[in-house]
Amino acid sequence: MNWLNSEAFTLFGQRIIWSDMIGNIFGLITLALGWRRSIWTWPTQFLSGLILFVAFYGHLAGSAGKQVVVMAVAVYGWWQWNRNRGKSADGHITPRFATGRERAAMIGAAAAGTVAVALLFKAYPTLSWDPWPDAYIFVGTVVAMYAQARGMVEFWFAWLLVDLVGVPLNFANGYAFSGFVYVIYGALVLWGMRDWWLRSRKASQPVMEGAPA
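Here the residue index of a chain counts from 1 through its sequence in written order. Per-residue local features are limited, in this predicted model, to residues with pLDDT of at least 70; the limit for side-chain atom pairs, both in listing and counting, is 80 or more; totals at the level of whole chains, interfaces and linings are taken over all residues. Computation of side-chain values covers all heavy atoms of the structure but excludes hydrogens and water.

(A) Fine view of the nonpolar core. Within this scheme, the nonpolar core is defined by two criteria: the residues are buried Ala, Val, Leu, Ile, Met, Phe, Trp, Tyr or Cys, and they are joined through side-chain atoms within 4.5 Å. Three labels apply to residues, based on accessible area from a 1.4 Å probe with only protein chains included: buried if under 20% of the type maximum, exposed if over 50%, partly exposed otherwise in between. Core analysis: the largest hydrophobic core is formed by 40 residues, its most contacted members being Leu-31, Trp-42, Phe-155, Trp-156, Trp-159 and Trp-196. The helix count covers DSSP runs of H or I at least four residues long, the strand count covers runs of E at least two residues long, and both are numbered beginning at the N terminus. Broken down by secondary-structure element, the contributors of at least two residues to this core are α1 (18–35), α3 (61–84), α4 (100–123), α5 (131–149), α6 (154–172) and α7 (176–204). No other element matches the nine residues that α5 contributes to this core. We call two residues in contact when some of their heavy atoms are within 4.5 Å. Residues contacting Phe-155, with those up to four places away along its chain left out, are Leu-31, Ala-144, Ala-147, Gln-148 and Trp-196.

Shown next as structure tokens:
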């Protein structure tokens, strides 16, 4: 599978790697499916992680290990959405805002997780060439996926915060396609956030007696 790490083409003077391109195309599809609240967002996320795992395995152990965690959270998300999608009228999950306790727990987990993972990356330099931003993006991605699995609107905010660091970091490290994709992620995140926000408000409104459901 060495071809995954070979150059696909050059764009604006930047080398585009096959694994970077394919994995991130699947990532875009995953986000679009998440916006539509499609259960297929999770198998697509798993496949994206699997492609990147194969590309990284053997020479970038840290990056390969991160994809294992992403795939595990994708399995969790598939299980959660399958369990909860039948509870809504349209057969999809119903978006909701997290409770104050859930928000505090996610913020605390993100902060503690970023510090712990960054220290791990610093202790083992082969796992990452840029420990703190890399840890922030990795932990932020896991938190965002967890919030998405639970149907929380906050998952879009988490993705937006990841994008703010992911765009410059990917360009700086030579992953131009990832950088371009993260810009598109930003647009999808804003649209998806608006859609989930509106749906969560509708779901929280009481139905008047005698009114159509």
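(B) Expanded view of the side chain of Gln-67. By the element assignment, Gln-67 lies in helix α3. Non-local contacts of Gln-67, meaning those with residues more than four positions away in its chain, are made with Gly-49, Leu-52, Phe-53 and Phe-56.

(C) Local environment of a nonpolar patch on the surface. Candidate patch residues must exceed 30% relative accessible area and have no salt bridge, after which like charges are joined if within 9 Å and Val, Leu, Ile, Met, Phe, Trp or Tyr side chains if within 5 Å. For accessible areas, the Shrake-Rupley method is used with a probe of radius 1.4 Å. Any residue's cover is judged against the shown protein chains and nothing else. Put simply, a salt bridge is a Lys or Arg side-chain nitrogen that is within 4 Å of an Asp or Glu carboxyl oxygen. The grouping of Phe-46, Leu-47, Leu-50 and Val-75 at the surface amounts to a nonpolar patch, some 300 Å² of accessible area in total. Take the nonpolar patch: its biggest share by element is three residues, from helix α2 (residues 41–56). With respect to the helices and strands, the residue Leu-47 is situated in helix α2. Given the relative accessible area of 35%, Leu-47 is considered partly exposed.

(D) Inspection of the packing of α4 against α5 at higher detail. For helices, the axis comes from a line fit to the C-alpha atoms of the stretch in contact; other axes are also lines fit to C-alpha atoms, and the angle between any two N-to-C directions lies between 0 and 180 degrees. Remark: α4 packs on α5, axes separated minimally by 8 Å, with the N-to-C direction vectors making an angle of 145°. Regarding α4 and α5, the two cross each other, and that crossing is right-handed. Between α4 and α5, the contacting residues are Met-106, Ala-109, Ala-110, Gly-113, Thr-114, Val-115, Val-117, Ala-118, Phe-121 and Lys-122 on the first element and Pro-131, Trp-132, Asp-134, Ala-135, Tyr-136, Phe-138, Val-139, Val-143, Tyr-146 and Ala-147 on the second. Here the residues of the contact of α4 with α5 are counted per class, giving 16 nonpolar, two polar and two charged. Here a crossing is taken to be left-handed if its near helix is turned anticlockwise relative to the far helix by less than a right angle, and right-handed if that turn runs clockwise. Residues are grouped as follows: Ala, Val, Leu, Ile, Met, Phe, Trp, Tyr, Cys and Pro are nonpolar; Asp, Glu, Lys and Arg are charged; every other residue, Gly included, is polar.

(E) Highlighting the packing of aromatic side chains. Pairing of aromatic rings covers Phe, Tyr and Trp, the last through its six-membered ring, and needs centres within 6.5 Å; plane angles under 30 degrees mean stacked, over 60 mean edge-to-face, and all others mean tilted. Applying the stated criterion to the full structure yields 11 aromatic pairs. With centroids separated by 6.1 Å and ring planes inclined at 40°, the aromatic side chains of Tyr-76 and Trp-79 adopt a geometry described as tilted. Of this pair, Tyr-76 and Trp-79 both sit in helix α3, separated by three residues, roughly a single helical turn. For the pair Trp-81 and Trp-196, a centre-to-centre distance of 6.4 Å together with 40° between the ring planes defines the contact as tilted. With a gap of 115 residues between them, Trp-81 in helix α3 and Trp-196 in helix α7 connect regions that are remote in the sequence.

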